[in-house]
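# Observations on chain architecture
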Amino acid sequence: SEGLAWAHDDGKWGFIDSTGEVVIPLSFTKVGNFVRGRAWVMKDGKWGHIDQEGKITTPLIYDRASDFSSSYTGSALHASVMLDGLYGKVDINGESIIPCAYIGIDHYSMGLAKVKKPVDGGHKFGFVNQEGKEVIPCIYDQVDRFAEGSEVTIVYKERLAGLVNREGEEILPTRYLNIYPLGNDVFQVRDETDTYYFNSQGKQVEKP
């Protein structure tokens, strides 16, 4: 994995290169693959990340740490971490970008990640951006991930649907029985009496 392989001896893990030379000492309880120049490691029950020289980049303070996703680059290059049962994200340098305040965090789509947050003994959904800001507050019972190329997504409160944009503005209020994306920036919207068609700006349009 990126030129380094796991090595295991006497209950400890480290890494060797292609010649078999130990380049990262066998001092960890568990290790992962290198992805984007980082690998998660566990030592004394705590998790973090190291670089290919064995330097700790994410401090070993977490209860869990994931790979850095190979699908992202730049400011979106994050890894999930868990602390006290709640999830957050760190950047490639191990800095906390999203605090460990969520029951779950999805992957980024259109620059936003779906998050699930404990609220009043239950949970609510919202979205955070790549800087860790909760741009769409966790006030919804469920939300759909932003589809590639879409500026809006479907959100739900008490089983009723609405549309919200990437800035957190409700384009359509959550009062519809069903909202279905038809493509080409058009949504089919149904309430108790009729079916309508709206675009992503909340403007009613003709049936496609």
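The structure displayed is predicted, hence computed values, not measured ones.

Of the regular secondary structure elements, the chain holds zero helices and 22 strands. For 208 residues, the compact-globule formula gives about 17 Å, and the C-alpha radius of gyration of the chain, at 22 Å, lies well above that figure. Seen through its C-alpha atoms, the chain measures out along the principal axes to roughly 70 × 35 × 25 Å. Classification of the 208 residues of the chain by burial places 39% in the buried group. Relative to all contacts within the chain whose residues are 6 or more apart in sequence, the contacts with residues 24 or more apart total 22%. Working note: accessible area of the chain is about 11100 Å², and carbon and sulfur atoms make up 47% of it. Placing the 22 positive and 30 negative side-chain charges of the chain at their respective mean positions leaves the two points 4 Å apart.

Turning our attention to the packing of aromatic side chains. The final tally for this structure, using the stated rule, is five aromatic pairs. The ring of Phe28 carries the charged tip of Lys43 above its face, separated from the ring centre by 5.9 Å.

The subject of this paragraph is the pairing of strand S12 (residues 104-109). Each regular strand carries side chains that alternate between the two faces of the sheet. As paired strands, S12 and strand S13 (residues 112-119) are joined by four bridges and run antiparallel to one another. In the strand pairing of S13, Gly104 is matched with Lys116. In textbook terms, the turn of a hairpin is the stretch between consecutive antiparallel strands, and for S12 and S13 this stretch comprises two residues, one of which, Met110, has a positive phi near 55°.

Summarising the sheet, S13 and strand S14 (residues 122-129) pair through eight bridges and their orientation is antiparallel. Bridge assignment links Lys114 to a residue of S14, and that residue is Phe127.

Within a sheet, neighbouring strands are paired by backbone hydrogen bonds and run either parallel or antiparallel to one another. Pairing is antiparallel in the open sheet, where four strands are placed in the order S8-S9-S10-S11. With partners counted over all chains shown, the strands left at the sheet margins are strand S8 (64-65) and strand S11 (96-102), one partner each. For strand S9 (residues 78-83) and strand S10 (residues 86-91), the ladder comprises six bridges, and the chain directions are antiparallel. Directly across from Leu83, in S10, lies its bridge partner Leu86.

We now examine unusual backbone geometry. Positive phi outside glycine occurs at Glu158, with the angle close to 50°. Within the secondary structure, Glu158 is located in the loop between strand S17 (152-157) and strand S18 (160-165). Despite not being glycine, Arg159 shows a phi value in the positive range, around 70°. By the element assignment, Arg159 lies in the loop between S17 and S18. Accessibility expressed as a relative area gives 79% for Arg159, which makes it exposed.

So, on to the nonpolar core. When a protein is soluble and globular, its nonpolar side chains tend to lie buried together. Among the nonpolar cores identified, the biggest contains 11 residues, and these are Met110, Leu112, Phe125, Phe127, Val135, Ile136, Tyr140, Val143, Phe146, Val155 and Val164. Look past the residues within four positions of Phe125 in its chain and what remains in contact with it is Lys114, Val115, Lys116, Pro137, Cys138, Ile139, Tyr140, Asp141, Gln142 and Val143.

Attention shifts here to the sheet that holds strand S20 (residues 178-183). The strand order across the open sheet formed by three strands is S20-S21-S22, and the pairing between neighbours is antiparallel. Two strands close off the open sheet at either side, each with one partner strand: S20 and strand S22 (195-199). Each strand axis lies, on average, 25° off the axis of its neighbour in the sheet, ignoring direction. With five bridges joining them, S20 and strand S21 (residues 186-190) adopt antiparallel strand pairing. Within S21, the position partnered with Tyr180 by the bridge is Gln188.

Conventions and cut-offs
- Residues numbered from 1 in each chain as written.
- Predicted model: local features only at pLDDT ≥ 70, side-chain atom pairs only at ≥ 80, totals over all residues.
- Heavy atoms only, no water.
- Helix = DSSP H or I, 4+ residues; strand = E, 2+ residues; numbered from the N terminus.
- Rg over C-alpha atoms; globule rule 2.2 N^0.38 Å.
- Buried < 20%, exposed > 50% of the residue type's maximum accessible area, 1.4 Å probe, protein only.
- Contact = heavy atoms within 4.5 Å.
- Areas by Shrake-Rupley, 256 points an atom, 1.4 Å probe, with all protein chains shown as cover.
- Lys, Arg positive; Asp, Glu negative; His and termini not counted.
- Charge placed at Lys NZ, Arg CZ, Asp CG, Glu CD.
- Phe/Tyr/Trp six-rings, centres within 6.5 Å; stacked < 30°, edge-to-face > 60°.
- Lys NZ or Arg CZ within 6 Å of the ring centre and 35° of its normal.
- Pairing = 2+ DSSP bridges.
- Core = buried A, V, L, I, M, F, W, Y, C linked by side-chain atoms within 4.5 Å.
- Axes fitted to C-alpha atoms, helices over the stretch in contact; angles between N-to-C directions.

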